[in-house]
Amino acid sequence: MGFNIWKSETRSSLRSFLDTILKGIPYVITGGFAVQIYAYSYNDKSFNRRETKDIDIIVDKNSREELINILNNARIFYGVEKSSVKDCIRIYDGPNRWYSICFDELPDWEIVEVRNIKVRVESLESLLANKFATYLSRSEQKDLDDLNEIVKLLKKRGKINKEALTKAMKRYKIVDHTEKMFWLYLEYHGLISNAEEYVEFEDEEEKRELLYHLKSRFLISS
């Protein structure tokens, strides 16, 4: 059984984790569970079957020692993630469920309330860039589903913070051809009016090639 924000068990586990482990610690929830939280807050029940095995959390890197001390003092077992590029730990919450915590600078975030639980969640714009880069790197269906949901929610909200979006593109290293694809992706989905206001294309042939690549990755339809 995974985490699903529509289930009371998940909400109870999340509340307990925030109140006992992360109380006073600067954090932001990211990844697929963050998309769940937004879908829940917008009452989009079409997304209520999405589950995740983990809840991804970014903790301010300057609070690493403080959090580790909290875990040790509470005798909560955690495992170190093996990664050459990230400093992360896992805290297990039962079979096939865990909290994955990475220590880094926090992305843009906002507070979202879920059944009287106030949660710090990566902003939709930042999640959009995050999931776009993630999907291009590993092409998993769950990331494409999350991307489609983020676009849907941004349209429902009716506005997009372009400054936050640009900042997130730098964070997730969306540059060069990927940047051009990203702006075309936003234009196609109606989140911006014209990609050429934000990036310069060599010629129409380059645009056609990038659009073809987006179609081949199922990011836009024919």
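Residues numbered from 1 in each chain as written. Predicted model: local features only at pLDDT ≥ 70, side-chain atom pairs only at ≥ 80, totals over all residues. Heavy atoms only, no water.

(A) Molecular detail of the state of the cysteines. Under the criterion given, the structure shown has 1 disulfide. Disulfide pairing places Cys-88 opposite Cys-102 at an S-S distance of 2.0 Å. Of note, the bridge from Cys-88 to Cys-102 carries an S-S torsion of about 100° and is right-handed in sense. Here Cys-102 lies in strand S5 (residues 98-104) and Cys-88 lies in strand S4 (residues 88-92), a separation of 14 residues in the sequence. Using a relative accessible area of 5% as the deciding quantity, one classes Cys-88 as buried. (Disulfide = S-S within 2.5 Å. Helix = DSSP H or I, 4+ residues; strand = E, 2+ residues; numbered from the N terminus. Buried < 20%, exposed > 50% of the residue type's maximum accessible area, 1.4 Å probe, protein only.)

(B) Main features of helix H8 (residues 204-216). In this model, H8 (13 residues) spans 18 Å end to end at C-alpha, consistent with the 18 Å of a helix rising 1.5 Å per residue. Of the residues making up H8, those classed as buried are Glu-206, Lys-207, Leu-210 and Leu-214. The buried residues of H8 all sit within an arc of 100° when viewed along its axis, so they share a single face. At its buried positions, H8 is contacted by helix H4 (124-138) and helix H7 (176-188). You can read the cap of H8 off the contacts: a side-chain oxygen lies 3.2 Å from the backbone nitrogen of Glu-205, and it is on Asp-203. (Expected span 1.5 Å × (residues − 1). Arc of directions from axis to C-beta. Contact = heavy atoms within 4.5 Å. Polar contact = N/O pair within 3.5 Å; in protein donor to acceptor, adjacent residues only side chain to side chain.)

(C) Representation of a negative patch on the surface. Residues Glu-200, Glu-202, Asp-203, Glu-204 and Glu-209 make up a contiguous surface patch of negative charge. Structurally, Glu-204 is set in helix H8. (Patch = residues over 30% accessible without salt bridge, like charges linked within 9 Å, V, L, I, M, F, W, Y side chains within 5 Å. Areas by Shrake-Rupley, 256 points an atom, 1.4 Å probe, with all protein chains shown as cover. Salt bridge = Lys/Arg side-chain N within 4 Å of Asp/Glu carboxyl O. Lys, Arg positive; Asp, Glu negative; His and termini not counted. Charge placed at Lys NZ, Arg CZ, Asp CG, Glu CD.)

(D) Structural context of the environment of Ile-220. Relative to the elements of secondary structure, Ile-220 occurs in the segment after H8. Apart from residues no more than four positions distant in its own chain, Ile-220 is found in contact with Tyr-185, Tyr-188, His-189, Leu-211, Leu-214 and Lys-215.

(E) Molecular detail of the pairing of strand S2 (residues 54-60). Burial analysis of S2 places 5 of its 7 residues in the buried class, the great majority of the element. Alignment of strand S1 (residues 27-30) against S2, held across 4 bridges, turns out to be antiparallel. Along S2, the bridge assignment pairs Ile-29 with Ile-57. Relative to S5, S2 runs parallel, the two sharing 7 bridges. Bridge assignment links Ile-55 to a residue of S5, and that residue is Tyr-99. (Pairing = 2+ DSSP bridges.)

(F) A look at the side chain of Arg-11. Here Arg-11 shows up in helix H1 (residues 8-20). This buried residue, Arg-11, is left without a salt bridge; Glu-9 holds the nearest opposite charge, at 11 Å. Among the polar contacts listed, one links the side chain of Arg-11 to the backbone oxygen of Trp-6, at a separation of 3.0 Å. Not counting residues within four places of it along the chain, the set of residues in contact with Arg-11 comprises Ile-5, Trp-6, Tyr-40, Val-114, Arg-115 and Ile-117.

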